[in-house]
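# Secondary and tertiary structure notes
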Amino acid sequence: MSSSTPGPSAGLDPALASRLKRTADGLVPAIAQQYDTGEVLMMGWMDDEALHRTLTTGRCTYWSRSRGEYWVKGDTSGHVQHVKSVALDCDGDTLLVKVDQVGAACHTGARTCFDEDVLL
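A quick note: this is a predicted structure, and the numbers were derived from the prediction, not measured.

## Examining the sheet that holds strand 2 (residues 40-46)
Strand order in the open sheet formed by 4 strands is 2-1-6-5, and the pairing between neighbours is mixed. A strand with exactly one partner marks an edge of an open sheet, and here the two such strands are strand 2 and strand 5 (81-88). Taking the axes of each pair of neighbouring strands and ignoring which way they run, one obtains an average angle of 25 degrees across the sheet. In this structure, strand 1 (residues 28-34) lies alongside strand 6 (residues 95-101), joined through 5 bridges in parallel fashion. Within strand 6, the position partnered with Ala32 by the bridge is Val97. Those strands touched by helix 2 (residues 48-57) are strand 2, strand 5 and strand 6, and its axis lies near 120 degrees from that of strand 5.

Here it is, written out as structure tokens:
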């Protein structure tokens, strides 16, 4: 599916879908964390379909707001995220995806997206 806004998923469990608090664009932020070290790797956006794909394939699928399409982490770079667990926060507005990251998580080639600009 490729369009300017993400769409619903026929595959996501309706009980889970009803718990998600999405942005006006239908998205939920998803924080990727290295499962064994706790290292925070990146943040991406998921809609119902991206979450469904992530849960069923074991590979992180995100919605690209700039490209208006789904992307599976590592399909072009080889820097794959193998999903170990997915949790929904207490407010239902953020996902925590614990992964086994292969290579860099950041599009800049850095291990994480949070190494370069430490503010404090």
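## Some words on the UniProt feature "binding site: Zn(2+)" (unreviewed entry) in the protein chain
The sites that carry the UniProt feature "binding site: Zn(2+)" (unreviewed entry) are, in the present numbering, Cys90, Cys106 and Cys113. The greatest C-alpha distance among the annotated residues, which extend across 24 residues, is 26.9 Å, indicating that they are dispersed rather than converging on a single site. Within the secondary structure layout, Cys90 lies in the loop between strand 5 and strand 6. Looking at the secondary structure, you find Cys106 in the segment after strand 6.

## Examining the side chain of Gln81
Tracing the backbone shows Gln81 in strand 5. By relative accessible area, which is 0% here, Gln81 ends up buried. Only 2.8 Å separates the side chain of Gln81 from the side chain of Tyr62, close enough to count as a polar contact. At 2.9 Å, the side chain of Gln81 forms a polar contact with the side chain of Gln101. Residues in contact with Gln81, not counting those within four places in the same chain, are Ala32, Met42, Gly58, Arg59, Cys60, Tyr62, Lys73, Val99, Asp100, Gln101 and Ala105.

The rules we used
- Residues numbered from 1 in each chain as written.
- Predicted model: local features only at pLDDT ≥ 70, side-chain atom pairs only at ≥ 80, totals over all residues.
- Heavy atoms only, no water.
- Pairing = 2+ DSSP bridges.
- Helix = DSSP H or I, 4+ residues; strand = E, 2+ residues; numbered from the N terminus.
- Axes fitted to C-alpha atoms, helices over the stretch in contact; angles between N-to-C directions.
- Contact = heavy atoms within 4.5 Å.
- UniProt positions renumbered as here; feature names shortened; annotations may be inferred.
- Buried < 20%, exposed > 50% of the residue type's maximum accessible area, 1.4 Å probe, protein only.
- Polar contact = N/O pair within 3.5 Å; in protein donor to acceptor, adjacent residues only side chain to side chain.

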